[in-house]
Amino acid sequence: MATSSAVRDDRVLVIERQFNAPRTLVWKMFIDPRHAANWMGPPDYPSVFHEADVRPGGKWRGRLRAVDGSRELGHGGEYREVKPPERLAFTFYWDQDDGSRGPETLVEIDFAERGNKTLMQFRQGVFDTRQNRDGHNVGWNGSFDRFAEYLASAGAQS
């Protein structure tokens with residue numbers, strides 16, 4: 001029989017990515033809503049709205065829209081920890097069709113300097129199901145692919 005921590009561990013998403021930009025630039029592009037709106041969401045559901053009050057207790061909201069226009073997804077949360085430029089923690093929930101909030105998870109992101117590059121360690125959980133964890137894995141990795149492309153194109157213009 002699996003222990004409760006093992007059950008929880010299989011419903012936690014962990015992603016590690018390295019970005020070709022200094023940590024201060026990665027931080028800026030990650031937390032500034034004007035920049036986040038350009039990379040948030042996977043390629044098939046890009047952001048159409050993003051706002052954030054990046055401070056402990058501050059709220060964030062966003063909307064993703066299917067590229068074919070068939071569906072919009074609202075999401076939001078509250079910042080729990082903001083330590084520029086090294087750590088960000090916030091809650092995450094999806095808006096439900098009935099107007100309620102879906103299950104809430106905690107996102108924790110650490111940014112480490114690696115020369116002129118940045119190592120991002122991302123953790124989100126505990127999900128209610130492994131299926132939801134896996135869906136977020138696809139979504140976040142699509143967002144982080146878009147983030148890397150945005151960094152490359154916008155980094156020189158920041």
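Predicted model only: the values in this text are computed from it and were never measured.

S.K.: Would you mind going over the packing of aromatic side chains with me for this structure?
M.R.: The way to describe two aromatic rings as a pair is by their centre distance and the angle between their planes. In total, this model carries 16 aromatic pairs according to the counting rule given. Pairing Phe19 with Phe144 gives two aromatic rings, centres 6.5 Å apart and planes at 70°, and the pair type is edge-to-face. Residue Phe19 is found in strand β1 (residues 13-19), and its partner Phe144 is found in helix α4 (residues 130-154); the two are separated by 125 residues along the sequence. On the numbers, 5.4 Å between centres and 25° between planes, the contact of Trp140 with Phe144 is stacked. A residue pair is termed a helical-turn pair when its members lie 3 or 4 positions apart in one helix, as Trp140 and Phe144 do in helix α4 at four residues.

S.K.: Sorry, what's going on with the confidence of the model for the protein chain here?
M.R.: Detailed reading of predicted coordinates is not advised where the pLDDT is low. Scored by pLDDT, the protein chain has a mean of 92; 92% of the residues are at 70 or more. Ignoring residues within four places in sequence, the model shows residues 1-7, a span with pLDDT below 50, making one contact including any to other chains.

S.K.: What's the story with the nonpolar core in this structure? I'm lost.
M.R.: The nonpolar side chains of a soluble globular protein tend to be buried, and buried together. Core analysis: the biggest nonpolar cluster contains 34 residues, and Phe30, Phe122, Trp140 and Phe144 have the highest contact counts within it. Within the residue set of this core, elements represented by two or more residues are β1, α2 (23-31), β3 (59-65), β4 (72-83), β5 (87-94), β6 (105-114), β7 (117-125) and α4. Tallying contributions element by element places α4 first for this core, with six residues. Those residues in contact with Trp140, other than ones at most four positions away along the chain, are Leu13, Ile15, Met40, Phe90, Phe92, Phe122 and Gln124.

S.K.: Is there a simple way to think about the pairing of β3 in this case?
M.R.: Along a regular strand, successive side chains alternate from one face of the sheet to the other. Only one face of β3 is covered, namely the face carrying Trp60, Gly62 and Leu64; the face carrying Lys59, Arg61, Arg63 and Arg65 is uncovered. Pairing of strand β2 (residues 47-52) with β3 involves five bridges; the strand directions are antiparallel. By the bridge assignment for β3, His50 is matched with Gly62. What sits between β2 and β3 in their antiparallel hairpin is a turn of six residues, with Gly57 showing a positive phi close to 90°. Taking the residues that link successive antiparallel strands as the turn, the β3-β4 hairpin has six residues, and the phi of Gly69 there is positive, at about 75°.

S.K.: Would you explain the pattern of salt bridges in this entry?
M.R.: In a structure, side chains of opposite charge can pair up when their charged atoms sit close to one another. In total, this model carries 15 salt bridges according to the counting rule given. Of the charged contacts, one joins Glu113 and Arg23 as a salt bridge, the two residues approaching to 3.9 Å between their closest N and O atoms. In this pair, Glu113 sits in strand β6 while Arg23 sits in helix α2, placing the two residues 90 residues apart along the sequence. Arg23 sits in the buried class, given a relative accessible area of 16%. In this structure, the salt-bridge partner of Arg63 is Glu72, at a minimum N-O distance of 2.7 Å. Owing to a relative accessible area of 29%, Arg63 belongs among the partly exposed residues under this scheme.

Cut-offs used in this document
- Residues numbered from 1 in each chain as written.
- Predicted model: local features only at pLDDT ≥ 70, side-chain atom pairs only at ≥ 80, totals over all residues.
- Heavy atoms only, no water.
- Phe/Tyr/Trp six-rings, centres within 6.5 Å; stacked < 30°, edge-to-face > 60°.
- Helix = DSSP H or I, 4+ residues; strand = E, 2+ residues; numbered from the N terminus.
- pLDDT = per-residue confidence, 0-100.
- Contact = heavy atoms within 4.5 Å.
- Core = buried A, V, L, I, M, F, W, Y, C linked by side-chain atoms within 4.5 Å.
- Buried < 20%, exposed > 50% of the residue type's maximum accessible area, 1.4 Å probe, protein only.
- Pairing = 2+ DSSP bridges.
- Salt bridge = Lys/Arg side-chain N within 4 Å of Asp/Glu carboxyl O.

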